[in-house]
Every structure is written in structure tokens, then in C-alpha cells.
Amino acid sequence: MINTDKFEDIQLSREILKATSELGFLKMSPIQAQAIPLILEGHDVTGLAMTGTGKTAAFALPLIDKIDARKKTTQALVVCPTRELALQVAHEIQKFIKYKPGIYVLPVFGGQSIVGQLKVLKKGVQIVVGTPGRLIDHINRQSLNLSNLSMVVLDEADEMMDMGFRDDIEQILQRTPISRQTITFSATMPSSILDLV
């Protein structure tokens with residue numbers, strides 16, 4: 001673990017540091033200080049983090065820096081329990097990629113027309129944020145190709161377990177490369193999360 005709470009003291013790109021500075025991110029929260037360096041180094045990370053502790057930035061900042069903007073393939077997948085969280089996470093990522101031209105994020109969830117999602121996926125998007133049901137729908141339609149995926153984030157994993165999404169999550173993970181990096185954030189750490197990890 002590092003002994004700093006300053007974003008500029010860790011190995012984030014200048015573009016990310018510029019965006020975080022503009023957003024008023026001066027110091028890292030404890031979850032960010034612990035998780036970001038490990039994620040940047042390529043480790044799988046399981047973090048205990050409540051809502052409001054800065055966990056989205058804890059996975060989003062290193063995730064963005066690992067994206068190759070030249071490749072129009074899906075390289076990172078963030079799985080969220082609800083459409084509200086998926087939209088919120090996608091919105092946060094959108095703010096962080098301000099100075100990273102060529103990187104695109106797409107939220108996918110039920111209750112929204114799939115046609116628009118299909119169009120964007122066909123063009124190519126590097127970061128997909130979605131709910132389990134809609135992600136499986138896209139995987140089955142072959143509109144979401146996970147073969148080039150390098151990172152999967154399970155956000156609010158305990159809530160997804162409580163909502164009965166375990167089988168869906170396992171199905172999604174089975175379609176991703178074994179070499180992928182897996183990041184799991186959860187407000188509690190029941191045995192079901194530890195088993196999944």
C-alpha cells in the first residue's frame with residue numbers, strides 16, 4: 001500500500017490527472033489510495049466500499065488508463081445491479097475521459113430501446129457499463145463481443161447477489177477471457193461474494 005493520498009503521486013496519466021483536478025478531486029479517499037495502485041499493476045482487487053466513498057473513481061481511473069483508444073473493441077466491462085447505477089457509473093466515466101479522445105463508454109440496461117445500443121456497439125465502444133440481464137441479451141445476440149476484454153468490474157456485488165443475479169454474473173464471466181483482470185466492489189462481504197471471487 002502506498003503512503004500518499006495525492007492523485008499526482010501515483011502512476012495515472014496526465015490526461016486523467018487533468019480531468020480529476022478540474023472535477024475538484026484533490027485527495028484520494030482510502031479506497032482509492034488502496035485500490036488504484038493495485039489495479040494499475042494488474043492485480044485482481046476485491047474492495048469493501050460503501051456508496052459515497054469514491055469507489056467509482058477507484059476502479060474507473062485505472063480502467064480508463066488501461067484502454068487502448070486505437071482499438072474499437074470492448075476492453076472493459078462494468079456490471080451493475082440497477083439501471084440507475086449503470087447510468088451513474090457511465091456518467092462518471094464520461095467525465096474522467098474528457099482528455100482521452102477516442103475512448104467511448106456505453107451504458108446498456110433494460111427498459112431502454114436495444115436498437116440504439118446495437119448501433120453504438122456496432123460502431124465500437126471500449127467501455128460497456130450494464131445490468132446483468134441486458135448484458136446477457138447482447139452476448140446472446142453476439143452484439144457484445146467479450147473476447148478482447150482485459151478488465152471486468154463487479155460493482156455493488158452484494159446487491160447483485162441479493163437481487164438473484166449470481167447465475168447471470170457467472171454466465172457473463174464464463175464468456176470473458178481467463179486472462180482478464182477482475183475488480184469486485186461490495187458494501188458487505190458475504191460468503192457468496194468470496195465464493196464468486
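Cut-off values and rules
- Residues numbered from 1 in each chain as written.
- Predicted model: local features only at pLDDT ≥ 70, side-chain atom pairs only at ≥ 80, totals over all residues.
- Heavy atoms only, no water.
- Helix = DSSP H or I, 4+ residues; strand = E, 2+ residues; numbered from the N terminus.
- Contact = heavy atoms within 4.5 Å.
- Pairing = 2+ DSSP bridges.
- Axes fitted to C-alpha atoms, helices over the stretch in contact; angles between N-to-C directions.
- Core = buried A, V, L, I, M, F, W, Y, C linked by side-chain atoms within 4.5 Å.
- Buried < 20%, exposed > 50% of the residue type's maximum accessible area, 1.4 Å probe, protein only.
- Right-handed = clockwise from strand over helix to strand, strands pointing away.
- Arc of directions from axis to C-beta.
- Polar contact = N/O pair within 3.5 Å; in protein donor to acceptor, adjacent residues only side chain to side chain.

## Here we look at the environment of arginine 166
(1) Moving on: Considering the arrangement of structural elements, one finds arginine 166 in helix 8 (residues 166-174).
(2) Moving on: Between the C-alpha atom of arginine 166 and that of leucine 196, which follows or precedes it by 30 residues, the distance is 8.3 Å.
(3) Moving on: Every residue in contact with arginine 166, bar those within four places of it in the chain, is listed here: Met160, Met161, Ser192, Asp195 and Leu196.

## Things to note about the sheet that holds strand 6 (residues 181-186)
(1) Moving on: Read from one edge of the open sheet, six strands run 1-6-5-2-4-3, paired in parallel fashion. Single-partner strands in this sheet number two, and they are strand 1 (45-48) and strand 3 (105-108). For this sheet, the mean angle separating the axes of adjacent strands, direction not counted, is 15 degrees.
(2) Moving on: As paired strands, strand 5 (residues 151-155) and strand 6 are joined by five bridges and run parallel to one another.

## Some remarks on the nonpolar core
(1) Moving on: Residues Phe59, Leu63, Ile64, Ile93, Ile127 and Val129 are the most contacted members of the largest nonpolar core, which totals 39 residues.
(2) Moving on: Among the elements of the structure, helix 2 (30-40), helix 3 (55-65), strand 2 (76-79), helix 4 (83-96), strand 4 (127-130), strand 5 and strand 6 are those that each provide at least two residues to this core.
(3) Moving on: Top element by residues in this core is helix 3. It accounts for seven residues.
(4) Moving on: When near neighbours in sequence (up to four residues on either side) are disregarded, phenylalanine 59 contacts Ile39, Val78, Val89, Val153, Asp155, Ile183 and Phe185.
(5) Moving on: One finds Val128, Leu144, Met160 and Leu173 within the second-largest nonpolar core, a separate group that totals 24 residues.

## Re the pairing of strand 4
(1) Moving on: Where burial is concerned, the two faces of strand 4 agree: the one with Ile127 and Val129 and the one with Val128 and Gly130 are both buried.
(2) Moving on: The pairing of strand 2 with strand 4 spans four bridges and is parallel. Within strand 4, the position partnered with alanine 76 by the bridge is isoleucine 127.
(3) Moving on: Following the backbone out of strand 3, through helix 5 (residues 114-123) and into the adjacent parallel strand 4, one traces a crossover that is right-handed.

## Comments concerning the side chain of threonine 56
(1) Moving on: Turning to its location among the elements, threonine 56 is positioned in helix 3.
(2) Moving on: Apart from the residues lying within four places of it in its own chain, the contact partners of threonine 56 are Val89 and Glu92.

## Thoughts on helix 5
(1) Moving on: Those residues of helix 5 that sit buried are Ile114, Gln117 and Leu121. Along the axis of helix 5, the buried positions cluster into a sector of 60 degrees, meaning they face one direction only. Those residues of helix 5 that are exposed and angled more than 90 degrees off the buried face are Lys119, Lys122 and Lys123.
(2) Moving on: Buried-residue contacts for helix 5 involve strand 3, strand 4 and helix 6 (132-141).
(3) Moving on: A distance of 3.2 Å separates the backbone nitrogen of valine 115 from a side-chain oxygen at the start of helix 5, and that oxygen is part of serine 113.
(4) Moving on: Directly beyond the C-terminal end of helix 5, a positive phi value near 115 degrees is found at glycine 124.

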